[in-house]
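Given next are the chains, with one letter for each unit.
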Amino acid sequence: MSSSTTVRTARRRTLRVAAAALTAAAALVLTACSGSDATGTKSAGHTDMGTAAAESGGAGSSAGTQGSDAKAGPGAKAGAAGKQSGSSHAATAKTTSPARTQPLADGSKAEIYKLGAQHYRAEIVSRGSVLATLETKGHDDGLDANDMFVTLTLDGQVHSWMGGGHQGPGTFKLAGGWTAKVTKIGELRYRAQILGNEGSVDATLETNQHDVGLDANGVYIVLSTGGVISAHA
């Protein structure tokens, strides 16, 4: 073969290789375009999902609003109940207004409240502060307030006096001809037997971490948790 023929054959092969390269390049371009379209489709899909998420968020917001309404419902009921409670409190305040106010022996005063049949409460008040409370619950009540003795009877009567106390244990003569036999029965616990003229036990007072009082036929007696007994006619 001549050299010119060899050159021609080499050129043909080069052209074929170039054509093949061009074809492959075209295929890559097509593939790239196809991939771009696919990517575009996915992006569109992502956008749709984003929109769906936003719409879902809107639904969630709506559900949240319903949730708020659901919470607001009981809240509104609670508010109504609060008003009823307030009205009830106001009514209670009216029904528990003092039936009367009475001055006491030491210059303080007693505010007396009627709570029911033979059920009274007396608040010892000084300078606007409640210092002590007495209450009748089926029996008289009494108090030793720093050597001022106070009784509250079942019919809501308050009596007060200063001094005249006897420190138990012991047996003591009291106003009105009564005798008191005071014994200690425990910590802050004393018992006083109120004896008549013939020595009979006509009444008994007993403290249990609380002062006690008694109306003994118009003679008012107080026994304190410290064992001090005093009477006033």
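Since we're looking at a predicted model, the values are computed, not measured.

A. Looking closely at the pairing of strand β4 (residues 129-135). As paired strands, strand β3 (residues 119-126) and β4 are joined by six bridges and run antiparallel to one another. Looking across to β4, one finds that A122 is bridged to L134. Linking β3 to β4, which pair antiparallel, is a turn of two residues; within it R127 sits at a positive phi near 55 degrees.

B. Representation of the packing of aromatic side chains in the model. Taken as a whole, this structure holds one aromatic pair when the rule is applied. Centroid distance F149 to W161: 5.9 Å. Interplanar angle 20 degrees. Geometry classified as stacked. Of this pair, F149 sits in strand β6 (residues 148-152) while W161 sits in strand β7 (residues 158-162), and the two are 12 residues apart along the sequence. Take F149 and W161: they sit in the same class, and that class is buried. When the ring centre of Y113 is taken as reference, the NZ or CZ atom of R121 above it lies at 4.6 Å.

C. Structural context of the nonpolar core. The biggest cluster of nonpolar side chains holds 17 residues, and the ones touching the most others in it are L174, V182, I194, I221, L223 and I229. For this core, the secondary structure elements donating two or more residues are β10 (179-186), β11 (189-195), β13 (212-216), β14 (219-223) and β15 (228-232). Residues contacting V182, with those up to four places away along its chain left out, are G168, P169, G170, F172, Y190, R191, A192, L223, G227 and I229. A110, I124, L143 and V150 belong to the second largest nonpolar core, which has 12 residues in total.

D. Layout of the sheet that holds strand β9 (residues 170-173). Strand order in the open sheet made by the four strands is β9-β10-β11-β12, with antiparallel pairing throughout. In this open sheet, the two edge strands, each paired with only one partner strand, are β9 and β12 (201-206). On average, adjacent strands in this sheet sit at an angle of 20 degrees to one another, irrespective of strand direction. Relative to β11, β10 is paired through seven bridges, and the arrangement is antiparallel. Bridge assignment links T179 to a residue of β11, and that residue is L195.

E. A look at the environment of A216. Of note, A216 is situated in strand β13. Taking the relative accessible area as the measure of exposure, A216 reaches 7% and is therefore buried. With residues up to four places along the chain from it excluded, the contact list for A216 reads W178 and I221.

F. Inspection of the sheet that holds β7 at higher detail. Sheet architecture is open: three strands sit in the order β5-β6-β7, paired in antiparallel fashion. On the outer flanks of this sheet lie β5 (141-145) and β7, each paired with one strand and no other. Between one strand axis and the next, the sheet turns through 15 degrees on average, direction left out of account. Pairing analysis gives five bridges linking β5 to β6, with the strands arranged antiparallel. Counterpart to L143 in the pairing with β6 is V150.

Definitions and cut-offs
- Residues numbered from 1 in each chain as written.
- Predicted model: local features only at pLDDT ≥ 70, side-chain atom pairs only at ≥ 80, totals over all residues.
- Heavy atoms only, no water.
- Pairing = 2+ DSSP bridges.
- Helix = DSSP H or I, 4+ residues; strand = E, 2+ residues; numbered from the N terminus.
- Phe/Tyr/Trp six-rings, centres within 6.5 Å; stacked < 30°, edge-to-face > 60°.
- Buried < 20%, exposed > 50% of the residue type's maximum accessible area, 1.4 Å probe, protein only.
- Lys NZ or Arg CZ within 6 Å of the ring centre and 35° of its normal.
- Core = buried A, V, L, I, M, F, W, Y, C linked by side-chain atoms within 4.5 Å.
- Contact = heavy atoms within 4.5 Å.
- Axes fitted to C-alpha atoms, helices over the stretch in contact; angles between N-to-C directions.

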